[in-house]
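The chain contents come next:
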Amino acid sequence: MKKEPIDFIGCAGTILEALNRGIFMTTRANGKTDCMAIQWGTMGFLWGKSVFVCYVRESRFTREMLDANPEFTVNIPMGDYDRKIMAVCGGKSGRDVDKIAELGLTLVEGDKVSVPGISELPLTLECKVLYRQKQDVNLIPEDCRKMFYPRKSVPGTHDSEDDEHITFIGEILAAYRICNS
Ligand SMILES: Cc1cc2nc3c(=O)[nH]c(=O)nc-3n(C[C@H](O)[C@H](O)[C@H](O)COP(=O)(O)O)c2cc1C
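Residues numbered from 1 in each chain as written. Predicted model: local features only at pLDDT ≥ 70, side-chain atom pairs only at ≥ 80, totals over all residues.

### As for the overall build of the chain
Summing up its helical and strand segments, the chain has 5 helices and 10 strands in all. For 181 residues, the compact-globule estimate of 2.2 N^0.38 gives 16 Å, and the chain sits close to it at 16 Å. A principal-axis box enclosing the C-alpha atoms of the chain has dimensions of 45 × 40 × 30 Å. The 181 residues of the chain split such that 28% are buried. For the chain, contacts bridging at least 24 residues in sequence account for 74% of all contacts bridging at least 6. (Helix = DSSP H or I, 4+ residues; strand = E, 2+ residues; numbered from the N terminus. Rg over C-alpha atoms; globule rule 2.2 N^0.38 Å. Buried ≥ 20, exposed ≤ 12 C-beta atoms within 10 Å, placed from the backbone. Contact = placed C-beta atoms within 7 Å.)

Take a look at the structure:
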């Protein structure tokens, strides 16, 4: 499948608009590939490198995957896409199901990292983790702390809103659009 390089700075507006609606990050480790929805992220420059920063709660399977292989791709839909991808990747855990297989997603091997992109979510950033840091909830403003870290689990779901986020700063090693035709 063809990849068309993009200038991530030129595409920053598109990426951030999409992030505000929800985009995806993919990880691969121990023979598994997992994809989760993300809505928290930042993009810019640090230590002379281009970076994408994501915030992953400790309880996510994605966090375990990043511990095992500190690389990820950011996967951004362009235009209309199958909303089932959001429901599954944002609502189920890779610990319980193979989301890629359930959704029948098409993986496209990475150029610079061992994690693939996804052709159905064509705008792709390949990232290698440079730095990670667990957030100290005590330093978070009280209104945000109460809203996002309520210290009670969400009943009847695998999901947790109890645990801290870990900040993962990924160096952007490649940026492109996967062309389906
Ligand atoms: C729109 C949307 C945005 C989300 N953003 C984040 C996020 O930025 N960080 C996070 O840890 N979880 C986020 N989640 C929750 C995870 O996507 C969800 O818990 C997922 O099932 C985790 O998958 P995993 O266990 O396979 O890693 C979001 C969910 C949705 C629906």
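### Section: the site of the ligand
By nearness alone, 20 residues border the ligand, and Gly 22, Thr 62, Gly 90, Ser 93 and Gly 94 come closest of all. For the shell around the ligand, the secondary structure elements donating two or more residues are strand E3 (32–38), strand E5 (49–57), helix H2 (61–68) and helix H3 (84–91). Here the shell around the ligand takes 4 residues from E3, the largest share from any one element. Taken together, the residues of the shell around the ligand break down into 7 nonpolar, 7 polar and 6 charged. (Near = placed C-beta within 6 Å. Nonpolar A, V, L, I, M, F, W, Y, C, P; charged D, E, K, R; others polar.)

### Concerning the nonpolar core
Counting 29 residues, the largest nonpolar core has Phe 24, Met 25 and Val 74 as the members making the most contacts within it. Looking at this core, the elements that each hand over two or more residues are strand E2 (23–29), E3, E5, H2, strand E6 (71–76), H3, strand E9 (123–134) and strand E10 (165–179). Discounting chain neighbours no more than four positions away, the residues touching Val 74 are Ile 23, Met 25, Phe 52, Thr 124, Leu 125 and Cys 127. (Core = buried A, V, L, I, M, F, W, Y, C linked by C-beta atoms within 7 Å.)

### Some thoughts on unusual backbone geometry
Phi at Asn 30 is positive, roughly 50°, even though this residue is not glycine. Along the chain, the position of Asn 30 falls in the loop between E2 and E3. A positive phi angle, close to 50°, is found at Trp 47, a residue other than glycine. Secondary-structure assignment places Trp 47 in the loop between strand E4 (41–46) and E5. Residue Trp 47 is classed as exposed on the basis of its 9 C-beta neighbours within 10 Å.

### Concerning the pairing of E5
When E4 meets E5, the two strands line up antiparallel, connected through 6 bridges. Looking at the pairing, Met 43 lines up with Phe 52 of E5. Once E4 ends, the chain turns through 2 residues before running back antiparallel as E5, passing Trp 47 with a positive phi of about 50°. Inspection of the sheet shows E5 paired to E10 by 7 bridges, in the antiparallel sense. (Pairing = 2+ DSSP bridges.)

### Side note on the environment of His 165
Following the sequence through the fold, His 165 ends up in strand E10. C-beta crowding within 10 Å serves as the criterion here: with 20 such atoms nearby, His 165 is assigned to the buried category. Along the primary structure His 165 and Phe 148 are separated by 17 residues, whereas in three dimensions their C-alpha atoms are 9.8 Å apart. For His 165, the contacting residues outside a window of four places in its chain are Tyr 55, Val 56, Arg 57 and Gln 135.

### Focus: H2
Thr 62, Met 65 and Leu 66 are the residues of H2 that are buried. In an axial view of H2, the angular spread of the buried residues amounts to 100°, which keeps them on one side of the axis. (Arc of directions from axis to C-beta.)

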